[in-house]
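# Chains, contacts and geometry: an overview
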Amino acid sequence: MTRYIFITGGVVSSLGKGLMAASLAALLQARGFRVRIRKFDPYLNVDPGTMSPYQHGEVYVTDDGAETDLDLGHYERFTGVSARQSDNVTQGRVYQTIIQRERRGDYLGATVQVIPHVTDEIKAFATADTEDLDFVLCEIGGTVGDIESLPFMEAIRQLHNDLDRGQSIFVHVTLVPYIAAAGELKTKPTQRSVRDLTSLGIQPDILLCRCEHPLPDSERKKIALFCNVRPEAVIPALDASSIYAVPHQYHAEGLDAEVLRAFGIKDAPAPKLERWDDIMDRQQNPEGEVTIGVVGKYVGLLDAYKSLYEALNHGGLANRVKVKVKWIDAELFEKGDDIVASLEPMHGILVPGGFGVRGSEGKIESVKFARERNVPFFGICLGMQMACIEGARNTAGIAEASTTEFGETSEPVVGLITEWMGKEGLQKRTADTDLGGTMRLGAYPAKLTGNSVVAGIYGSNDISERHRHRYEVNAGYRDRLEKGGLIFSGMSPDGTLPEIVERPDHPWFVGVQFHPELKSKPFDPHPLFASFIAAAVKQSRLV
Ligand code: GLN
């Protein structure tokens, strides 16, 4: 039987529901259960693909090419289960599906309404492809009381009723604020939020209470009494020292045990938490420290580089070092900031993915600095494209080298890709095509050159990595760039699209067209990040 855990949030946003869902799934998985986590987003965008990283954080891309909410990254990092398109739905997509159906005449003249049409669509999404699972965790974005999330609340209320008794439970995440002047934790917001929830017909089974101070027994009992749950089902969730400490912490507070109890499961094995013990040991007992400079554009909001930050940390775990990340705004180099002073203390320089011309000359200068100074360099997506433009300009004598993304150019070392083989056959694009959902997205294979640096790092010549970009390095420039020392060591299987470039005469210089950070996990660090951090450790011994 597949069981459902519906996770809602109350009081305020940013309580870390995503992390909580990921940690609970990891605990259930550690007890031998098969899990999958899904995210329902109440906003009207069809997917987060066209949303600014400043507003919404990173867009997480799945193997099957979906542009999803960054919480899916947490889910995958904590469980190792590859997320799919069917694991993230927005209200916009729900309406898009319904309106397309309505236009086709599929409703046979019926009045199309929120109940039942929208709620049915949400329920269908929650229950699709779940046969082989023990638990499906459904996280509802937003906060109870939002107008936008009402159809989702109604759908999970109905679903709870449709399913067998004991087949689904509700977990509500709330905040128990500390009022310093009174020296007290306050339970009223939690009471109010549960009252809002019950007015929608949803009685939570478990409350996860985020708090900055330990929750005294008296307050736990009070919350239980007013919110109609047992005191043991009021789980305090204090701030953790690291996100990877959260599964252990929730286990210690009894979260997974309470969940099993709520389902009436009595014979579950104890969780095997060795994986998380090892991560904590590596994190808490580092044998050194390296500083990585990330030269990007969205440095004002760290959620914009969530997976990248985690992958760098995983590289640190692999090497038993602490990774300090210095976020550097590339544009400042264009406005006169001293690049040498900024980059000299770095043990590695990384230019991440991005869009648009702003800051690009600063990124290109950073590549040049790393190349000339023999500092480990990692270019990801736009970062790889910048490495190619830098190589073209400064090592291949193509002074006008640029990308058509930044405007017309006589030397399109990087250009708009207009045709490629996608998962649904030949894909065609023009400069005027819609921006939403029209990039090369998702997992694509690449062939690596036998004796290349990257083949050594991967330990294989065949790889598959996730993409999200509209422009490609132009293979027509390959010979000239290679003469300048920038070797094309990974190509699409048909040999047309450059996937990886490297400089074998440099201590560590790799550019990749894809996003390796999306597949890195704390218990399985991505080889490129492990290798990059190892190179940074070597560099730290030189300076
Ligand atoms: N803007 C570049 C492109 O569309 C790179 C995208 C990225 O870094 N994700 O090709």
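All chains use their own residue numbering, which begins from 1 and follows the written sequence. In view of the model being predicted, local features appear only for residues whose pLDDT reaches at least 70, and side-chain atom pairs are presented and counted only at 80 or more, with totals across whole chains, interfaces and linings using the full set of residues. To get the side-chain values, all heavy atoms of the structure are used, and hydrogens and water are removed first.

Before going further, it helps to spend a moment on the overall build of the chain. Secondary structure elements are taken from DSSP: a helix is a run of H or I of four residues or more, a strand is a run of E of two residues or more, and numbering for both begins at the N terminus. The helix and strand inventory of the chain stands at 19 helices and 25 strands. Its C-alpha atoms give the chain a radius of gyration of 25 Å, within 12% of the compact-globule value 24 Å for 543 residues. Considered along the principal axes of its C-alpha atoms, the chain spans approximately 75 × 65 × 45 Å. Accessibility here uses a 1.4 Å probe with only protein chains present; expressed as a share of the type maximum, an area under 20% marks a residue as buried, one over 50% as exposed, and anything in between as partly exposed. Every one of the 543 residues in the chain was classed for burial, and the buried ones make up 56%. Throughout, the radius of gyration refers to the C-alpha atoms, and the reference size of a globule is 2.2 Å times the residue count to the power 0.38.

In this section: a positive patch on the surface. To count toward a patch, a residue needs a relative accessible area over 30% and no salt bridge; like charges are then connected within 9 Å, while nonpolar side chains (Val, Leu, Ile, Met, Phe, Trp, Tyr) are connected within 5 Å. The Shrake-Rupley method, run with a 1.4 Å probe, gives the accessible areas here. Residue values count only the displayed protein chains as cover. In what follows, salt bridge is the name for a side-chain nitrogen of Lys or Arg lying within 4 Å of a carboxyl oxygen of Asp or Glu. The convention is simple: Lys and Arg are positive, Asp and Glu are negative, and His and the chain ends are not counted. By convention, the charge on Lys lies at NZ, on Arg at CZ, on Asp at CG and on Glu at CD. Taken together, the side chains of Lys 188, Arg 192, Arg 195 and Lys 222 define a basic patch exposed on the protein surface. The biggest single contributor to the positive patch is helix α7 (residues 188–199), with three residues. For Arg 195, the location among the structural elements is in helix α7.

Position of Ala 237 relative to the elements: it lies in strand β11 (residues 234–238). Under the relative-accessibility criterion, Ala 237 is labelled buried at 0%. Measuring from C-alpha to C-alpha, the distance between Ala 237 and Glu 131 comes to 32 Å, with 106 residues separating the pair along the chain. Here, two residues are considered to be in contact whenever any of their heavy atoms come within 4.5 Å of each other. Non-local contacts of Ala 237, meaning those with residues more than four positions away in its chain, are made with Leu 208, Cys 209, Arg 210, Cys 211, Gln 249 and Tyr 250.

When the terminal C-alpha atoms of helix α4 (residues 91–104) are compared, their 20 Å separation across 14 residues agrees well with the 20 Å that a helix rising 1.5 Å per residue should span. All of the buried residues along α4 are Gln 91, Gly 92, Val 94 and Ile 98. Down the axis, α4 shows its buried residues gathered within 155 degrees of arc, on one side only. Opposite its buried face, α4 presents the exposed residues Arg 103 and Arg 104, each directed more than 90 degrees away. Downstream of α4 by one or two residues, Gly 105 has phi in the positive range, about 85 degrees. Any helix carries an expected span of 1.5 Å times its number of residues minus one. Directions drawn from the helix axis to the C-beta atoms are what define this arc.

On to the site of the ligand. The criterion for a residue being near a molecule or strand is simple. One of its heavy atoms has to lie within 4 Å of it. In the vicinity of the ligand, the contacting residues are Gly 353, Gly 354, Phe 355, Cys 381, Leu 382, Gln 385, Glu 405, Arg 468, His 469, Arg 470, Tyr 471 and His 515. A distance of 3.1 Å is found between an oxygen atom of the ligand and a side-chain nitrogen or oxygen belonging to Gln 385. Within the side chain of His 515, one N or O atom sits 3.2 Å away from a nitrogen atom of the ligand. With the chains in place, 99% of the 300 Å² that the ligand exposes on its own is no longer accessible. If you list the elements that add at least two residues to the shell around the ligand, you get α16 (382–395) and β21 (462–469). Any residue that is not Ala, Val, Leu, Ile, Met, Phe, Trp, Tyr, Cys, Pro, Asp, Glu, Lys or Arg is counted as polar, Gly included; the first ten are nonpolar and the last four charged. Across the shell around the ligand, the residue classes break down as four nonpolar, five polar and three charged. Pairing of N or O atoms within 3.5 Å defines a polar contact, subject to two protein rules: one partner must be a possible hydrogen donor and the other a possible acceptor, and residues neighboring in sequence count only if both atoms are side-chain atoms.

With that out of the way, let us pick up the side chain of Lys 17. Looking at the element boundaries, Lys 17 is found in helix α1 (residues 17–30). One buried charge, Lys 17, has no salt-bridge partner; the nearest side chain with opposite charge is Glu 139, at 4.6 Å. Here Lys 17 is in contact with Ile 7, Thr 8, Gly 9, Glu 139, Ile 140, Gly 141, Gly 142 and Val 173, once residues within four sequence places are set aside.

To continue, consider the packing of aromatic side chains. Geometrically, a pair of aromatic rings is defined through the distance of the ring centres and the angle of the planes. Stacked, tilted and edge-to-face pairs are distinguished by plane angle, under 30 degrees for stacked and over 60 for edge-to-face with tilted covering the rest, among Phe, Tyr and Trp rings (Trp via its six-membered ring) whose centres lie within 6.5 Å. Applying the stated criterion to the full structure yields 17 aromatic pairs. When the centroid spacing of 4.7 Å and the interplanar angle of 35 degrees are considered together, the rings of Phe 377 and Phe 509 count as tilted. Highlighted residues: Phe 377 in strand β15 (residues 377–380) and Phe 509 in strand β25 (residues 509–512), separated in sequence by 132 residues. Here the aromatic cluster, defined as three or more aromatic residues joined through ring pairs, consists of Phe 78, Tyr 244, Trp 276 and Phe 523. Each ring is checked for a lysine NZ or an arginine CZ that lies within 6 Å of its centre and within 35 degrees of its normal; such an atom marks a charge sitting over the ring. Of note, Arg 38 hangs over the ring of Phe 125, and the distance from its end group to the ring centre comes to 5.5 Å. We note Arg 503 situated over the ring of Phe 509; from NZ or CZ to the ring centre the distance is 5.3 Å.

The next thing to look at is the nonpolar core. In this description, a nonpolar core means a group of buried Ala, Val, Leu, Ile, Met, Phe, Trp, Tyr and Cys residues linked to one another through side-chain atoms lying within 4.5 Å. Ranked by size, the top nonpolar core spans 61 residues in total, and within it Ile 5, Met 20, Phe 135, Leu 137 and Leu 255 carry the most contacts. Core analysis: the second largest hydrophobic core is formed by 37 residues, Val 299, Phe 378, Phe 529 and Ala 536 among them.

Moving on, we come to the pairing of strand β17 (residues 411–416). Along any regular strand, the residues point their side chains to alternate faces of the sheet. We treat two strands as partners when DSSP finds at least two bridges between them. Bridge count between strand β16 (residues 401–403) and β17: three bridges; the pairing is parallel. Residue Ala 401 lies in a different strand from β17, and its bridge partner there is Glu 411. For β17 and strand β22 (residues 471–473), the ladder comprises three bridges, and the chain directions are antiparallel. If you follow Leu 416 over to β22, its bridge partner there is Tyr 471.

Right, let's get into the pattern of salt bridges. Oppositely charged side chains may form a pair once their charged atoms are brought near each other. For the structure on display, the rule yields 40 salt bridges. Between Glu 258 and Arg 230 there is a salt bridge; the shortest N-O distance is 2.9 Å. Residue Glu 258 is found in helix α10 (residues 255–263), and its partner Arg 230 is found in the loop between α8 (217–227) and β11; the two are separated by 28 residues along the sequence. In this structure Glu 258 comes out as buried when scored by relative accessible area, which is 7%. Judged by relative accessible area, which is 34%, Arg 230 ranks as partly exposed. Three or more residues are tied together by salt bridges with common partners; here these are Lys 39, Asp 41, Asp 69, Asp 71 and Glu 139.

This next bit is on the sheet that holds β25. With mixed pairing, nine strands are arranged side by side in an open sheet as β13-β12-β14-β15-β25-β24-β23-β20-β21. Both edges of this open sheet fall to β13 (322–329) and β21, since each of them pairs with a single strand only. Averaged over neighbouring strand pairs, the angle between their axes works out to 25 degrees when direction is ignored. In this structure, strand β12 (residues 289–296) lies alongside strand β14 (residues 348–351), joined through three bridges in parallel fashion. Counterpart to Val 294 in the pairing with β14 is Leu 350. To obtain an axis, a line is fitted to C-alpha atoms, over the contacting stretch when the element is a helix, and the angle between two such axes runs from 0 to 180 degrees between their N-to-C directions. The sheet strands contacting α16 are β14, β15, β24 (498–502) and β25, and the helix crosses β15 at an angle near 115 degrees.

The contact between α1 and α10 brings their axes to 10 Å, and the two run at 75 degrees. Between α1 and α10, the angle is such that the two are roughly perpendicular. Residues Met 20, Leu 24, Leu 27 and Leu 28 of α1 form the contact with α10, whose participating residues are Leu 255, Asp 256, Val 259 and Leu 260. Grouping the amino acids of the contact of α1 with α10 by side-chain chemistry returns seven nonpolar, no polar and one charged. Angle categories: roughly parallel below 35 degrees, roughly antiparallel above 145, roughly perpendicular from 65 to 115, and oblique for all the rest.

What follows covers the state of the cysteines. The term disulfide is used for any two cysteine sulfur atoms that are within 2.5 Å. Applying the stated criterion across every chain yields a total of zero disulfides. Here Cys 211 is not disulfide-linked; the sulfur of Cys 209 is the nearest cysteine sulfur, at 6.8 Å. A relative accessible area of 2% means that Cys 211 is categorised as buried.

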